[in-house]
Amino acid sequence: MRLFDIKRFAIHDGPGIRTTLFMKGCPLHCVWCHNPEGISYEPTRLFTASKCIHCGAHETEGVEGCPTLALQEAGKDWTLEDILHTVEKERLVMEESGGGVTLCGGEPLMHPDALLEVLQALGERGFHRTVDTTLCAPWSVVERVMPHAELFMVDIKHMDSALHKKYTGVGNELILDNIRSFAAVNGRPQLWLRIPLIDGVNADDVNLEATAAFIASLPSRPEQVNLLPYHDVGKAKHARMGSQYNPKNYTMNVPSEELLAHAGDVFNHYGITTIIGG
């Protein structure tokens, strides 16, 4: 399995305290992506200028020879044994907090065989398993993975497919169809829907109403709906990658407290309780 990061003691990637495995590769290219180093499946070089002592390591020895870690490479192949060894280190804190292991990315469903190998091994060891996914994958893949996780966390980024494509590079038809199909499955894993709320992108009344109406129309309601206020943490990572954040200069602003409250009211009107953040 190719990972670009492992986050220990994570508290926003599912219930309890978790270990989060970040898988490489994603079919979406969200303008606001928090983890742009995870989009490509190929290893991605990151450079932190403030750490550089100009020793020339990057010219002679590459990433491994950088003494200050100014140069790093995001993307490493892990064996199942190494992943399990890392996860087991936090078993006690995960069990005491009601946590577990989250697989995210990138997009974990892009690599179903590797994903299933890890999920099955975690299940055999009694870990709670969460898949954080765009659901931008064939339904046959989603069906294969569903029995091997207790929770799916899925983003709804925009209800207008043309605007979804503008901001993420792909339309939303497959994603919304998969959410409907997922919600219709008897005995399905828990479903948490997460809406990255971005003033200027998807926080207008038309999209809020459409999103709330869609969720209300599902065959079964999600167990949780989160409104995630936008922040531009991806900007610093693009700088380290030598690429440009939001190159087309789309309007993307942090939602105000008033806007967050208004969004919550829209969802409440459809009988949907929302949580800010998470």
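Everything below is about the structure shown above.
Residues numbered from 1 in each chain as written. Predicted model: local features only at pLDDT ≥ 70, side-chain atom pairs only at ≥ 80, totals over all residues. Heavy atoms only, no water.

Bringing the overall build of the protein into the picture now. For the protein, the count of helices and strands is 10 helices and 11 strands. The C-alpha radius of gyration computed for the protein amounts to 19 Å, which stays within 12% of the reference 19 Å derived for 278 residues, consistent with globular compactness. Considered along the principal axes of its C-alpha atoms, the protein spans approximately 60 × 45 × 35 Å. Each of the 278 residues in the protein was classed as buried or not, and the buried ones make up 52%. The long-range fraction of contacts in the protein, counting pairs at least 24 apart against all pairs at least 6 apart in sequence, stands at 69%. (Helix = DSSP H or I, 4+ residues; strand = E, 2+ residues; numbered from the N terminus. Rg over C-alpha atoms; globule rule 2.2 N^0.38 Å. Buried < 20%, exposed > 50% of the residue type's maximum accessible area, 1.4 Å probe, protein only. Contact = heavy atoms within 4.5 Å.)

Moving on, we come to the packing of aromatic side chains. Scanning the model with the defined rule gives four aromatic pairs in all. On the numbers, 6.2 Å between centres and 45° between planes, the contact of W32 with Y167 is tilted. Pair noted here: W32 is in the loop between β2 (18-23) and β3 (44-47) and Y167 is in helix α6 (residues 161-168), with a separation of 135 residues, a long-range link. Taking the centre distance of 5.2 Å and the plane angle of 75° together, the rings of Y167 and Y250 count as edge-to-face. (Phe/Tyr/Trp six-rings, centres within 6.5 Å; stacked < 30°, edge-to-face > 60°.)

The subject of this paragraph is the pairing of strand β1 (residues 2-10). One face of the sheet, then the other: side chains in a regular strand alternate in exactly this way. Here β1 pairs with strand β5 (residues 76-77) via two bridges, running antiparallel. Paired with R2 across the bridge in β5 is D77. Bridge count for β1 against β2 is five bridges, and the pairing is antiparallel. Within β2, the position partnered with K7 by the bridge is T20. (Pairing = 2+ DSSP bridges.)

With that settled, the discussion passes to the nonpolar core. Ranked by internal contacts, the top residues of the largest apolar core, which has 71 residues, are W32, L103, F152, I179, I215 and M252. Element by element, the count of residues in this core is highest for helix α4 (residues 112-124), at six residues. What F152 contacts, discounting residues up to four positions off in sequence, is V131, T133, L135, V142, V145, M146, F182, P189, Q190, L191 and W192. (Core = buried A, V, L, I, M, F, W, Y, C linked by side-chain atoms within 4.5 Å.)

Once that is clear, we can look at helix α2 (residues 80-88). Because the α-helix completes a turn every 3.6 residues, residues three or four places apart line up on one side. The set of residues buried in α2 consists of L80, I83, L84, T86 and V87. Taken down its axis, α2 places every buried residue within 160° of arc, on the same side. Exposed and oriented more than 90 degrees from the buried face of α2 are E81 and H85. Residues of α2 that are buried in the fold lie against β1, β2, α3 (91-97), β6 (100-104) and α4. (Arc of directions from axis to C-beta.)

We now examine the sheet that holds strand β7 (residues 129-133). In space, the nine strands of this open sheet follow the order β5-β1-β2-β6-β7-β8-β9-β10-β11, with mixed pairing throughout. The sheet terminates laterally at β5 and β11 (275-276), the two strands that pair on one side only.

This next bit is on unusual backbone geometry. For residues that are not glycine, phi is negative in most cases, and the peptide bond is trans in most cases. Residue G106 is bonded to the preceding G105 through a cis peptide linkage, with omega at 15°. Its place among the elements puts G106 in the loop between β6 and α4. Backbone geometry places N249, a non-glycine residue, at a positive phi of 60°. Here N249 shows up in the loop between α9 (234-241) and α10 (257-269). Given a relative accessible area of 64%, N249 falls into the exposed group.

As enumerated under the stated definition, the model contains 13 salt bridges in all. Among the salt bridges present, the one from R8 reaches E90, with a minimum N-O distance of 2.3 Å. One end of the pair, R8, is in strand β1; the other, E90, is in the loop between α2 and α3, with 82 residues separating them in the sequence. Take R8: its relative accessible area is 41%, and that puts it in the partly exposed class. Salt-bridge contacts for E223 lead to R188; the nearest nitrogen and oxygen are separated by 3.1 Å. Pair noted here: E223 is in the loop between α8 (205-216) and β10 (224-229) and R188 is in the loop between α7 (173-183) and β9 (190-197), with a separation of 35 residues, a long-range link. Look at E223 and you get partly exposed, because its relative accessible area is 41%. Exposure remark for R188: the relative accessible area of 15% places this residue in the buried category. (Salt bridge = Lys/Arg side-chain N within 4 Å of Asp/Glu carboxyl O.)

Below, the discussion takes up the packing of α2 against α4. For any two helices packed against each other, one specifies the crossing angle of their axes together with the interaxial distance. Where α2 meets α4, the closest approach of the two axes is 11 Å, and the angle between their N-to-C directions is 45°. In this view, α2 runs oblique relative to α4, as classed from their interaxial angle. The interaxial crossing formed by α2 with α4 has right-handed handedness. Side by side, α2 and α4 meet where L80, I83, L84 and V87 of the first sit next to E117, V118, A121 and L122 of the second. Each residue belonging to the contact of α2 with α4 can be placed in one class, and the counts come to seven nonpolar, no polar and one charged. (Axes fitted to C-alpha atoms, helices over the stretch in contact; angles between N-to-C directions. Parallel < 35°, antiparallel > 145°, perpendicular 65-115°, else oblique. Left-handed = near helix turned anticlockwise from the far one by under 90°. Nonpolar A, V, L, I, M, F, W, Y, C, P; charged D, E, K, R; others polar.)

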